[in-house]
Amino acid sequence: MNDQRKIAYFSMEMGLAAEIRTYSGGLGVLAGDTVRAAADLKVPMVAVALLHRKGYCHQILDSEGNQTEEPVEWVIEDYLEEIPARASVKIEGRDVHIRAWARDVVGYGGYRVPVLFLDTDLPENDEVDRGLTHHLYGGDGRYRLCQETILGIGGVRVLRALGYDAIERFHMNEGHASLLTCELLDERLRTDEEDKLTDEVVDAVRRQCVFTTHTPVPAGHDQFPLEVVKQVLEGRTVEMLERLSCMDGVLNMTYLALHLSHYVNGVAKRHGEISRQLFAPYAIDSITNGVHARTWVAPPLQEVFDQHIPTWREDSYSLRNALCIPNHEVWEAHTRAKEELIRYVNRLTNAGMELEVFTIGYARRAATYKRGDMFFHDHDRLRRIHDDVGPFQLVFAGKAHPQDGGGKELIRRIFEARASLKDKIKVVYLANYDIETGKLMTAGTDLWLNTPEPPLEASGTSGMKAALNGVPSLSVLDGWWVEGWIEGTTGWSIGRITESVPEPADREKDASMLYDKLEYVILPLYYKDRDRFVDVMRNCIALNGSFFNTQRMMAQYVLKAYFP
Ligand SMILES: *Cc1c(COP(=O)(O)O)cnc(C)c1O
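All values reported here derive from a predicted model rather than from experimental measurement.

Criteria and thresholds
Residues numbered from 1 in each chain as written. Predicted model: local features only at pLDDT ≥ 70, side-chain atom pairs only at ≥ 80, totals over all residues. Heavy atoms only, no water. Helix = DSSP H or I, 4+ residues; strand = E, 2+ residues; numbered from the N terminus. Rg over C-alpha atoms; globule rule 2.2 N^0.38 Å. Buried < 20%, exposed > 50% of the residue type's maximum accessible area, 1.4 Å probe, protein only. Contact = heavy atoms within 4.5 Å. Near = heavy atom within 4 Å. Polar contact = N/O pair within 3.5 Å; in protein donor to acceptor, adjacent residues only side chain to side chain. Areas by Shrake-Rupley, 256 points an atom, 1.4 Å probe, with all protein chains shown as cover. Nonpolar A, V, L, I, M, F, W, Y, C, P; charged D, E, K, R; others polar. Domains from an automatic or database assignment. 1 Å grid on protein atoms, 1.4 Å probe; cavity = no way out; pocket = protein on both sides within 12 Å on 5 of 7 lines; lining within 4 Å. Points joined across faces, edges and corners; volume = space filled by probe spheres on them. Axes fitted to C-alpha atoms, helices over the stretch in contact; angles between N-to-C directions. Parallel < 35°, antiparallel > 145°, perpendicular 65-115°, else oblique. Core = buried A, V, L, I, M, F, W, Y, C linked by side-chain atoms within 4.5 Å. Pairing = 2+ DSSP bridges. Right-handed = clockwise from strand over helix to strand, strands pointing away. Phe/Tyr/Trp six-rings, centres within 6.5 Å; stacked < 30°, edge-to-face > 60°. Lys NZ or Arg CZ within 6 Å of the ring centre and 35° of its normal. Salt bridge = Lys/Arg side-chain N within 4 Å of Asp/Glu carboxyl O. Buried area = accessible area lost by both parts, 1.4 Å probe.

## Some words on the overall build of the protein
Scanning the protein for helices and strands turns up 20 helices and 20 strands. Scaling as 2.2 N^0.38, a compact globule of 564 residues should have a C-alpha radius of gyration of about 24 Å, and the protein matches this with 24 Å. Judged by the C-alpha coordinates and their principal axes, the protein covers about 80 × 45 × 45 Å. When the 564 residues of the protein are sorted by exposure, 60% land in the buried category. In the protein, 73% of the contacts between residues at least 6 apart in sequence involve partners at least 24 apart.

## Comments concerning the site of the ligand
Taken together, 13 residues lie near the ligand, and Arg 364, Tyr 433, Thr 461, Ser 462 and Lys 465 sit nearest. The side chain of Arg 364 places a nitrogen or oxygen atom 3.2 Å from an oxygen atom of the ligand. The separation between an oxygen atom of the ligand and a polar main-chain atom of Thr 461 is 3.0 Å. Contact with the protein chains covers 95% of the free accessible surface of the ligand, which is 390 Å². Broken down by secondary-structure element, the contributors of at least two residues to the shell around the ligand are helix H1 (26-40) and helix H16 (462-468). Here the shell around the ligand is composed, by residue class, of four nonpolar, five polar and four charged. Inspection of the shell around the ligand shows a minimum of three residues originating in each of domain 1 (2-290 + 553-562) and domain 2 (294-548).

## Remarks on empty space enclosed by the protein
Evaluated as defined, the whole model comprises four cavities of 30 Å³ or more. Space inside the largest cavity adds up to approximately 90 Å³. Taken together, Val 89, Lys 90, Thr 149, Ile 153, Arg 157, Cys 182, Glu 183, Asp 186, Leu 233, Glu 234, Thr 237 and Met 240 form the lining of the largest cavity. Mapped by element, the contributors of at least two residues to the lining of the largest cavity are strand S5 (81-91), helix H3 (141-161), helix H4 (180-190) and helix H7 (235-243). Residue composition of the lining of the largest cavity, grouped by class: five nonpolar, two polar and five charged.

## A few points about the packing of helix H18 (residues 507-528) against helix H19 (residues 530-545)
The contact between H18 and H19 brings their axes to 5 Å, and the two run at 115°. On the basis of their axis angle, the class for H18 and H19 is roughly perpendicular. Contacts between H18 and H19 involve Ile 522, Leu 525, Tyr 526, Tyr 527 and Lys 528 on the former and, on the latter, Arg 530, Arg 532, Phe 533 and Val 536. Its residues placed into classes, the contact of H18 with H19 shows six nonpolar, no polar and three charged.

## As for the nonpolar core
Of all hydrophobic cores here, the largest spans 69 residues; its most connected members are Phe 10 and Leu 159. Broken down by element, the residue count for this core peaks at nine residues, all from H3. One finds Leu 301, Val 330, Ile 414 and Ala 511 within the second-largest nonpolar core, a separate group that totals 68 residues.

## Some details on the sheet that holds strand S20 (residues 491-494)
Within a sheet, each strand pairs with its neighbour through backbone hydrogen bonds, oriented either parallel or antiparallel. Strand order in the open sheet made by the six strands is S17-S16-S15-S18-S19-S20, with parallel pairing throughout. With partners counted over all chains shown, the strands left at the sheet margins are strand S17 (427-430) and S20, one partner each. Each strand of the sheet is rotated relative to its neighbour by a mean of 20°, with strand direction disregarded. Pairing analysis gives three bridges linking strand S18 (residues 447-450) to strand S19 (residues 473-476), with the strands arranged parallel. Considered in S19, the bridge of Trp 448 is made with Ser 473.

## Quick notes on the pairing of S18
Along S18, one buried face is formed by Leu 447 and Leu 449 and the opposite face, lined by Trp 448 and Asn 450, is buried too. Sheet topology places strand S15 (residues 358-363) next to S18; two bridges connect them, and they run parallel. Residue pairing across strands places Ile 360 opposite Leu 447, the latter belonging to S18. This β-α-β element, S18 to H16 to S19, shows right-handed connectivity.

## Some thoughts on the packing of aromatic side chains
In total, this model carries 22 aromatic pairs according to the counting rule given. Ring geometry for Phe 305 versus Trp 312: centroids 5.4 Å apart, planes at 75°, classification edge-to-face. Feature note: the residues Tyr 362, Phe 375, Phe 376, Phe 392, Phe 396, Phe 415, Tyr 429 and Tyr 515 constitute an aromatic cluster, connected by ring pairs. Here the guanidinium or amino end of Arg 364 rests over the ring plane of Tyr 362, the centre of that ring lying 5.2 Å away.

## Description of the layout of surface pockets
Size it by volume and the largest pocket reaches roughly 1300 Å³. Along its surface, the largest pocket is lined by 50 residues, and Glu 13, Ser 24, Leu 27, Arg 365 and Tyr 369 are the ones closest to its centre. Going through the elements one at a time, H1, H3, strand S10 (223-225), helix H15 (435-444) and H16 are the ones with two or more residues in the lining of the largest pocket. It is H1 that provides the largest number of residues to the lining of the largest pocket, a total of four residues. Of the residues assigned to the lining of the largest pocket, the class counts are 18 nonpolar, 19 polar and 13 charged. Each of domain 1 (2-290 + 553-562) and domain 2 (294-548) contributes no fewer than three residues to the lining of the largest pocket.

## Details of the pattern of salt bridges
For the structure shown, the criterion picks out 46 salt bridges. A salt bridge links Glu 148 to Arg 144; the nearest nitrogen and oxygen atoms lie 3.9 Å apart. Within this pair, Glu 148 and its partner Arg 144 are both found in helix H3, separated by four residues, close to a single helical turn. Note on Glu 148: relative accessible area 0%, which makes it buried.

## Thoughts on unusual backbone geometry
Generally, phi is negative for residues other than glycine and the peptide bonds are trans, each holding for most cases. Of the consecutive residues Ala 280 and Pro 281, the connecting peptide bond is found in the cis state with omega at 5°. Tracing the chain through its elements places Pro 281 in the loop between helix H9 (269-278) and strand S14 (285-286). Note the cis peptide between Pro 454 and Pro 455, where omega equals 5°. In the Ramachandran plot, Glu 174 falls in the positive-phi region, its phi being about 80° despite a non-glycine side chain. Turning to its location among the elements, Glu 174 is positioned in the loop between strand S8 (169-173) and H4. The phi angle at Asn 350 is positive, at roughly 60°, despite the residue not being glycine. Relative to the elements of secondary structure, Asn 350 occurs in the loop between helix H12 (327-349) and S15.

## A closer look at the domain arrangement of the protein
How big an interface is tends to be stated in terms of the accessible area lost upon association of its parts. Split into domains, the protein comes out as domain 1 (2-290 + 553-562) and domain 2 (294-548). In this complex, domain 1 contributes 43 residues to the contact, which on the side of domain 2 involves 44 residues. Summed over both sides, the interface of domain 1 with domain 2 buries roughly 3400 Å², with 54% coming from carbon and sulfur. On inspection of domain 1 and its partner domain 2, the count reaches four salt bridges. Two residues, Glu 69 and Lys 408, come together in a salt bridge whose shortest N-O distance is 2.8 Å. Where domain 1 touches domain 2, the interface holds 14 residue pairs in polar contact (both at pLDDT 80 or more). Breaking the side of domain 1 that touches domain 2 down by element, the ones donating at least two residues are H1, strand S3 (58-61), strand S4 (67-70) and H9. No other element matches the six residues that H9 contributes to the side of domain 1 that touches domain 2. Taken together, the residues that form the side of domain 1 that touches domain 2 break down as 16 nonpolar, 17 polar and 10 charged.

Given below as structure tokens:
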């Protein structure tokens, strides 16, 4: 069986279910959706991630929005199965033993894609090494490089120990797994008498490797100082990196992956353009992200789809037929999804939200470039719109990275706005944003808001989940929305498409354009022309749900990257 798998997909995080706490945000959820689509389409894939035994992360918010975190002790045996095979890597001169836990993801037709979670918490390891697979994005640079050694080098060795010997492509989902290229080179050198890193050897490995870059934000591109690299990695690997000219002052994981991949892509057309500017002269294509339809469509809409589009589960393209669903059925299903969200929110927060009130959703990792507090730029204007045009309420969610002071400050500012608008506009901030909260919010709101600072949103995927559920977006023109946006048909824009070298973002201008759309276009449509509003909802499913899904995305990876 194992010797028939042709593609190995490597990802530092993996979002398979809310309870399996091996993901932090978009990157991990995308990895999960990717594996689900591979299983649907019977793509012969195996996936590799780290176990993150202490889970990412339990968010606690006090009444002022101050975030603290606790580790999550999830019971691994409840979800994953231990595999007897072992492998090891050298870290700081010590042998670090690795075990793997597995879970099969089952596709629509019953085809299975195994996901392996690597774990160093074994009694035969040194105490420090046992903790190396505990914390997702925890610790310092040294800790991170140790983790990337386990994922990249250890991951390949675990696959070999399990008999995965026919793998033709190694897909690096972000640069965290770049060191797998060194192991693939080393595999060739170990069997080669001359033991020389020739151009032929490098080319052969390049043909095996695929790299997807996920962000233009510098923090998304790992760099390690040479002292740390020399301390952690084996001398043989360091020499190899030097000969590849990848140790120019620092070890940059993005450049390592770029240098050793035959196919590189960004995650939306616009992100492809930005990446080509950032990483000239590398050839960088784009494959726009998607979401997995069966996973993200809420049960009431599933029922309607089952009735009118019976093939939608196996074939996401058929969602284009959503234009045939009568408007009142879409509206009824949406109302049921909204009821469920409102009940959940009221039970949790005692906010007294109302079903009839226009509800805006916003859920993202709390990072400053995402500008989650922009909506609250002008309280007076918000109050005026609320009174003169129609009432609205807002549901927010999102964790800040434990070490991101700016992100935490952003959450506090949203709490301040909530307090000051309390007399009129209801705002809730749900703690512990995860896959389940995400499902409720993207299906149960009436409008999905996104206000990142261009061009920093590589793709964004929560707006795609909303579209699948018939929820239109109001968003800055960045990431996927540049492709998904048809003004007044699939949603609305905030501002225009900025030039490739953008002007500094003007918060005040962006906020005022956001308010204009809300005041003059969206609220009047919702309250005074409901049937036209539901037309937009149907378009979201038919035009965007049928395209921005991982079945289409996976088919493009197969054609462009895996088997061109
Ligand atoms: C979809 C999702 C994300 C990513 O959403 P973006 O729009 O890309 O920011 C993050 N976290 C969770 C829990 C999600 O479901």
